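Examining the three-dimensional arrangement
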There are 2 protein chains.
Amino acid sequence: MAAADRFAPDLLVRLERDGRPLRLQLEEQLREAIRAGRLRPGTALPSTRALAADLGVSRGVVVEAYAQLVAEGWLVAGQGARTRVAAAARQAEPRATPAPTGPRVRIDFRPGLTDLAAFPRREWLASLRRVLREAPDAALGWQDPRGERALRETLAAYLGRSRGALADPERIVVATGMTQALVLVAGALRRRGARRIAVEDPGFHIHRDALAHAGLEPVAVPVDEGGIDTDRLAAAAPDAVLVTPAHQQPTGVVLAPERRAALLRWAEETGALVIEDDYDAEHRYDREPVGALQGLAPERVAYLGSPSKTLAPSLRLGWAVLPSALAGPVGEEKLRADLGSPVLDQLALADFIERGELDRHLRRTRRSYRRRRDALVGALARLLPAARVTGIAAGLHALVLLPEGTDEAALVERALERGIALAPLAPMRVAAPGPPGVLIGYANVAETAIERGVAELAAIAGELGSA
Amino acid sequence: MAAADRFAPDLLVRLERDGRPLRLQLEEQLREAIRAGRLRPGTALPSTRALAADLGVSRGVVVEAYAQLVAEGWLVAGQGARTRVAAAARQAEPRATPAPTGPRVRIDFRPGLTDLAAFPRREWLASLRRVLREAPDAALGWQDPRGERALRETLAAYLGRSRGALADPERIVVATGMTQALVLVAGALRRRGARRIAVEDPGFHIHRDALAHAGLEPVAVPVDEGGIDTDRLAAAAPDAVLVTPAHQQPTGVVLAPERRAALLRWAEETGALVIEDDYDAEHRYDREPVGALQGLAPERVAYLGSPSKTLAPSLRLGWAVLPSALAGPVGEEKLRADLGSPVLDQLALADFIERGELDRHLRRTRRSYRRRRDALVGALARLLPAARVTGIAAGLHALVLLPEGTDEAALVERALERGIALAPLAPMRVAAPGPPGVLIGYANVAETAIERGVAELAAIAGELGSA
């Protein structure tokens, strides 16, 4: 039997034994399915043998129907090849507007990207292979919506040693990325009566929007060179606060020691929750590591993290380490949201960390990120001397403050037209005043391209009359 | 250099150059981290060489500190092996109550499980391997939150040919399982002003709860042998309805042709949305396939599906095919919920379907599911003749109605004590009256175990005095 003979994808056809010729019924149904767009151009049909067996008809019925539709131009069939729906066959299709595709990005300075070319594909595949070889069958069924026990135990140990977090597997909930972890915590807070949550200003707008979407009112509290202003925070009296103490997003400042203490004291006194986005904590270059706030007050801080900034955003994994009173409610939110995150990915990440692959990858990338950062800082000093660069002691991006009057939006737009992607500062501001600026991520751009990219940005800034 | 010498996991330690001996500072910090539980028993520490390099101290400082802590019993070190936190070292740990672990399940009759032993591990790994080999680096970065274009195109073709759905990639949103797809649609409806959603009674309680959690009020509408009662539905006048037309969950009835027409007419006239959970549609044994409702009215029906019932629940993938006016809002919900589902899994599923692996797997499992169903039906007829079995023409479970007066909850509880898991009917009922019953999933139980399991259930029913 030739391979094409055994080709048997499911095909929804229903023949009535009502006296009408089966061949005509089959032709009609296929024609109608193609016309309506249910059978899309290029779709391969089952072999005549397989479809005849499925429908309980003689093979000749299907052979003749296919031949007729080929003759009519609905189907195409090559010698020995699969019969497919003809490319031009579709007549009408209700079509939503396709997503606009922007210009091709040559130099990707968007913040929030790791060095994608350095993603350890081989090692990640090895972890997936081990998981698929070793996981018991039961692991493929319904699992604890809070996440795989193996991953929660691995994370507890990893976050303890590398971040000083005090984590217990029973107080960890695994999520589909850090943003979902935040949304789940927000949902649990809202159901317990919380209404207002303080956010940093400037701060990461995606998270601010996600909090608002989850039903909490974001209250902007200014950030200065010491991090969030804890006096203004206390005055705003929110039910919770979202902070990025290790590397403030976007300014890059570290929360000052006295502010850390004030923040935890405030939480202790008011019963408010501190949500710690441990943003970019793994990437540090010129300064000592700063431990997670959570380790100091595990019953007042919900710690959030993900491998998006250490491995790659596309893995879509994240975690929350929770005060004991919130562990149950956040687990319940996860159950109601999606019944749990993909299991094999969780087991693979546990294996990957246990084998030391994450630590090895971090050591490798830290070296190259430091070189890229140095290249960016050097190029900016030479080519855009009017800009002020901050936030470069850690993380994967620099905040580049531009001379007053620079049209930030025009700069970003013109850069994108020329294939250079970067992020404007304005969407991150709520009320905080300050100069225009852009965020330049350097982790995913080679050193030579960084130099070239900055030169092009400088040229654009010159055209705009701002540098 | 020995392998142990190069072992360099991140470890959060911060030494002050304030005159205090560095060795003592290091010892204190490690002791405190172990005492507090941040460094958990069994955690491997970096090699002395690696930690010394990280901290910028001489290796002797670390060697002496480790030796002191080994002497004190905090650490353990074997000849040439890694130094680890001692198993008994932790002094205090705030610990939430661990999840109760139930009795071991020997025979897993829970509905909603596929044959987990038949999961095509090799073929799934092959798809993952191809994806990791071939995907461009950019695929590892931030992607369209609605899902990978490749998967949405594959699904459009697959759902068209196999289910008669009229799908367009632009109107598909990929989710983390069918439940998330439902929650996203519910969120979009609520934000557009919807308040009440009809659900089938009896019906799947997990989805009912998820809808309520998402802010819609579930309104129970009775199901009879023709499916949901469309007159009662119209009288309830909800903003939307969730139905399982292909194989009603849990009764297994198929929505009757006149009800299908009435449902779509109602939706057309009132502007209400029909949410079609295409539950178990791929598994049919004694009846002709029934196409998706959505193909008849793509602008009135949101079609939801997942590979949980064809491959395995643990993959946590799902999809919604949406009316054009809802595609944008549901995509927005997905963005706000978690920024998108894992990318590599999506690409692997697209590859898996394109290569015909899903169709091949379905053909294989359909044969074994039919044998298992026949074994269950036969065993029930012989061993529990007082029970009435329904819903067996399709799907992966049977609804077993028990004689009036049977203590359904006691039966389920006693069975679980003996290692047999099955689901009670009661949680699926809202107001609909009817006899007690249990759901017996047969897809994940071998034929011999099915016979044995039914015999044990019959014995328990006898003990309870009901059969």
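All residue numbers here refer to positions counted from 1 along the written sequence of the relevant chain. Chains and ligands are labelled sequentially in the order written, the chains with letters from A and the ligands with numbers from 1. At least 70 in pLDDT is required for a residue's local features to be given in this predicted model, at least 80 for side-chain atom pairs to be given and counted, and no such filter applies to totals for whole chains, interfaces and linings, which use all residues. Water and hydrogen atoms play no part in the side-chain values, which are based on all heavy atoms of the structure.

What to know about the overall build of chain A
- Of the regular secondary structure elements, chain A holds 14 helices and 16 strands.
- Referenced to the eigenvectors of the C-alpha coordinate spread, the extents of chain A come out at roughly 85 × 55 × 40 Å.
- Three labels apply to residues, based on accessible area from a 1.4 Å probe with only protein chains included: buried if under 20% of the type maximum, exposed if over 50%, partly exposed otherwise in between. Among the 467 residues that make up chain A, the fraction classed as buried is 62%.
- In chain A, once contacts between residues fewer than 6 apart in sequence are set aside, the share between residues at least 24 apart is 75%.
- As displayed, chain A has an accessible area near 17300 Å², and 52% of this comes from carbon and sulfur atoms.
- The distance from the centre of the 62 positive side-chain charges to the centre of the 59 negative ones in chain A is 5 Å. Working definition: helices are DSSP H or I runs of at least four residues, strands are E runs of at least two. Numbering for both runs from the N terminus. Throughout, a residue-residue contact means that at least one pair of heavy atoms, one from each residue, lies within 4.5 Å. Accessible surface is estimated by sampling points in the Shrake-Rupley manner with a 1.4 Å probe; for residues, cover comes only from the protein chains shown. Charge counting treats Lys and Arg as positive and Asp and Glu as negative, with His and both chain ends excluded. The atoms used to mark charge sites are NZ of Lys, CZ of Arg, CG of Asp and CD of Glu.

Digging into the domain arrangement of chain A
- Domains are outlined according to an automatic or database domain assignment. As far as domains go, chain A holds domain 1 (20-97), domain 2 (107-112 + 360-463) and domain 3 (121-355).
- Centre-to-centre, using C-alpha coordinates, domain 1 of chain A lies 52 Å away from domain 3 of chain A.

Quick notes on the packing of aromatic side chains
All names here are of chain A.
- Pairing of aromatic rings covers Phe, Tyr and Trp, the last through its six-membered ring, and needs centres within 6.5 Å; plane angles under 30 degrees mean stacked, over 60 mean edge-to-face, and all others mean tilted. Evaluated as defined, the whole model comprises 4 aromatic pairs over all chains.
- Judged by centre distance (6.5 Å) and plane angle (65 degrees), the rings of F119 and W124 are edge-to-face.
- The exposure class of F119 is buried, given its relative accessible area of 4%.
- Among the aromatic side chains, those forming a connected cluster through ring pairs are F119, W124 and F352.

Notes on unusual backbone geometry
- With an omega of 0 degrees, the peptide bond between D201(B) and P202(B) qualifies as cis.
- Residue A237(A) is not a glycine yet carries a positive backbone phi of 50 degrees.
- Mapping A237(A) onto the fold places it in the loop between α8 (230-236) and β8 (240-243).
- Although it is not a glycine, R316(B) sits at a positive phi angle of roughly 50 degrees.
- Examined against the element boundaries, R316(B) turns out to sit in the loop between β10 (301-305) and β11 (318-321).

Regarding the pairing of strand β16 (residues 437-441) of chain A
Residues and elements named next belong to chain A.
- Summarising burial for β16: 5 of the 5 residues are buried, a large majority.
- Burial along β16 is two-sided: the residues G437, L439 and G441 and V438 and I440 are all buried.
- Two strands pair if DSSP finds at least two bridges between them. Here strand β13 (residues 397-401) runs beside β16; their pairing, made up of 5 bridges, is antiparallel. Note that in β16 the partner of A398 across the bridge is I440.
- The sheet contact formed by strand β15 (residues 423-424) and β16 spans 2 bridges and is antiparallel. Looking at the pairing, P424 lines up with V438 of β16.

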